[in-house]
Amino acid sequence: MKVPFLDLKAQYATIRDELRSAVDEVLESQRFILGPQVAALEQDVARFCHVPYAVGVASGTDALLLSLKALGVGQGDGVVTVPFTFFATAGAIANLGARPIFVDSEDASFNMDPKALELLLEQGCSAGPSSRRAHLQSRATVKAVIVVQLFGQCADMDAVLRIAGRHSIPVVEDSCQAIGARFRDKPAGSMGALGCFSFFPSKNLGGAGDGGMVVSGDKDLSDRVRLLRTHGAQPQYFHKIVGFNSRLDEIQAAILRVKLRHLERWSKARQKIAGEYKRKFQAADLLDRIALPEVLPNRVHVFHQFVIRCQRRDELRSFLSERGIETEIYYPVPLHEQECFRYLGYQPSDFPQAHAASRQALALPIYPELTGEQIDCIVSTIAELLAG
Ligand SMILES: *Cc1c(COP(=O)(O)O)cnc(C)c1O
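Just so we're clear, the structure is a prediction, and the values are computed from it rather than from any experiment.

*Asks:* Help me get a handle on unusual backbone geometry, residues and values and all.
*Replies:* Along the chain, Q234 connects to P235 via a cis peptide bond; the corresponding omega equals -10°. In this model, Y330 is joined to Y331 through a cis peptide bond whose omega is 5°. With respect to the helices and strands, Y331 occurs in the loop between α9 (313-322) and α10 (352-360). Backbone geometry at Q30 places phi at a positive 55°, although glycine is not the residue there. Residue position: Q30 is located in the loop between α1 (8-29) and α2 (36-48). By relative accessible area, which is 53% here, Q30 ends up exposed. Despite not being glycine, N298 has its phi angle at roughly 65°, a positive value. With respect to the element layout, N298 can be found in the loop between β12 (290-291) and β13 (299-300).

Structure, rendered in structure tokens:
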């Protein structure tokens, strides 16, 4: 049996007519950039996230870039984040001339360890200019924290917001993998100063190309993001600040509005599949050989990925691949070990959890259309290698 890692065609088949008529409407309108569909999607996403403001942008990466820029992050500043994340989290920091300052993740969730954040801000920093924290090692002023809601589950937001808040450091939520997730009753993206989403096709809410969104409860910040996405112009041709071209287009917005109506149902299907994996791995008596993703207290996990840990990860991955089962490694090289960040001076052992995760983590297929038979096949093939 072939099991693709992701099967977007299966999803498309279920909403084909809705999508085609939505796209058709845009084509008939011949309005392609930042029109009524984008405005409507912004309202839909704001409502979905329980926040008053949402700004459509060109990608999740740009959502991060514009958020940091709106917070005044620039040359020589420091932004704290985790090394175990998709590259864009730190790439956005570096592209503004700022310095990524890493803190490790927790073992259980792969998310930012609040104790590591606290240690960095209390002991790795001193009181800097205008009562901000200054990173001792680089002398960069810490202007923001980016917390990543990795694989579809929120970090411990109570702790992260409390620790950053103690020093009035704004928190940006990289919720690119977590639309629909919750911490307590709060939607991912709604808890920090700004929340960032990606509509990359493989995300839980994916378009037919690139797209992203910044949500916020803060009018001034969201106005600034809005300004930044159109070269800082308001009105057109009158530039208050230097911005970017980072616009969302009407076809993406029309498609995303259709898909947003199905998102809750898809998230429930992902949760159900995660439950099936758990039952079947338990039944196969494999839980001493692989560690399953944990849903931590106060979380609604939307399982963008289903990431297991296994000491024999690489061997397991090839074994599955030879039998037609596709898996992925998120992420094989943590950011503190990337060549482009060598200048930051980190050692692999500086972040042992991130380092270990990069060696052990294996993402198994998870998408609403994955069948029970396919899950059986995945579990029994893993058992074939690891059991006994
Ligand atoms: C996908 C992703 C991004 C970037 O989103 P793009 O739309 O691909 O630019 C940023 N951070 C995380 C954690 C992501 O998963």
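There is more to say, and it comes next.
*Asks:* I'd like a description of the sheet that holds strand β15 (residues 361-364), backed by residues and values.
*Replies:* The sheet built from three strands is open, its strands ordered β12-β14-β15 with antiparallel pairing. This sheet does not close on itself; its edge strands, each paired only once, are β12 and β15. Two elements, β12 and strand β14 (residues 306-310), share two bridges in a ladder whose sense is antiparallel. Within the sheet, the bridge partner assigned to I290 lies in β14 and is C310. Strands β14 and β15 of the sheet are contacted by α9, whose axis makes an angle of about 25° with β15. Together, β14 and β15 form the strand contacts of α10, whose direction differs from that of β14 by roughly 95°.

*Asks:* Any chance you could break down helix α6 (residues 157-166) for me, citing the residues and the numbers?
*Replies:* Each full turn of the α-helix corresponds to 3.6 residues, which orients residues three or four apart in the same direction. Considered for burial, the residues of α6 that qualify are M157, A159, V160, I163 and A164. Buried residues of α6, viewed axially, fall in a sector of 165°; they line one side. On its buried face, α6 sits against α5 (114-123), β6 (142-148), β7 (171-174) and β8 (182-183). Near the N-terminus of α6, the side chain that reaches the backbone nitrogen of D158, with its oxygen 3.4 Å away, is that of D156. Following α6 by one or two positions, S168 adopts a phi angle in the positive range, close to 55°.

*Asks:* Quick one: what's the story with the sheet that holds strand β9 (residues 186-187), residue by residue and with numbers?
*Replies:* Two orientations exist for strands paired in a sheet by backbone hydrogen bonds: parallel and antiparallel. Ordered by their spatial adjacency, three strands build an open sheet running β9-β8-β13, and the pairing between neighbours is antiparallel. In this open sheet, the two edge strands, each paired with only one partner strand, are β9 and β13.

*Asks:* Could you give an account of the environment of S59, naming the residues involved and the relevant values?
*Replies:* The residue S59 is located in the loop between β1 (53-57) and α3 (60-70) in this model. Once the C-alpha coordinates of S59 and S246 are considered, the two residues, 187 residues apart in sequence, prove to be 7.7 Å apart. If we skip the residues at most four places from it in the chain, S59 touches F197, G211 and G212.

*Asks:* Give me the lowdown on the layout of surface pockets, citing residues and values where you can.
*Replies:* In this structure, the largest pocket encloses a volume near 460 Å³. Around the largest pocket sit 29 residues that line it, and F86, Q177, F200, S202 and K203 are the ones nearest its centre. Every element with two or more residues in the lining of the largest pocket is listed here: α3 and α4 (88-95). With three residues, the single largest contributor to the lining of the largest pocket is α3. Tallied by class, the residues present in the lining of the largest pocket amount to 13 nonpolar, eleven polar and five charged. Looking at the lining of the largest pocket, you find at least three residues from each of domain 1 (8-103 + 110-260) and domain 2 (263-386). Computed from the structure, the second largest pocket encloses a volume of approximately 290 Å³.

*Asks:* Please provide a residue-by-residue account of the packing of aromatic side chains, values included.
*Replies:* Throughout the structure, instances matching the rule amount to 16 aromatic pairs. With a centroid separation of 4.5 Å and 20° between ring planes, the pair formed by Y277 and F306 is classed as stacked. Here Y277, found in helix α8 (residues 250-283), pairs with F306, found in strand β14; they are 29 residues apart in sequence, far enough to count as distant. In terms of burial, Y277 and F306 fall into one category: buried. With 5.4 Å between their ring centres and 55° between their planes, Y330 and Y331 make a pair best called tilted. On the basis of relative accessibility, which here comes to 11%, the residue Y331 falls in the buried class.

Conventions used here
Residues numbered from 1 in each chain as written. Predicted model: local features only at pLDDT ≥ 70, side-chain atom pairs only at ≥ 80, totals over all residues. Heavy atoms only, no water. Helix = DSSP H or I, 4+ residues; strand = E, 2+ residues; numbered from the N terminus. Buried < 20%, exposed > 50% of the residue type's maximum accessible area, 1.4 Å probe, protein only. Pairing = 2+ DSSP bridges. Contact = heavy atoms within 4.5 Å. Axes fitted to C-alpha atoms, helices over the stretch in contact; angles between N-to-C directions. Arc of directions from axis to C-beta. Polar contact = N/O pair within 3.5 Å; in protein donor to acceptor, adjacent residues only side chain to side chain. 1 Å grid on protein atoms, 1.4 Å probe; cavity = no way out; pocket = protein on both sides within 12 Å on 5 of 7 lines; lining within 4 Å. Points joined across faces, edges and corners; volume = space filled by probe spheres on them. Nonpolar A, V, L, I, M, F, W, Y, C, P; charged D, E, K, R; others polar. Domains from an automatic or database assignment. Phe/Tyr/Trp six-rings, centres within 6.5 Å; stacked < 30°, edge-to-face > 60°.

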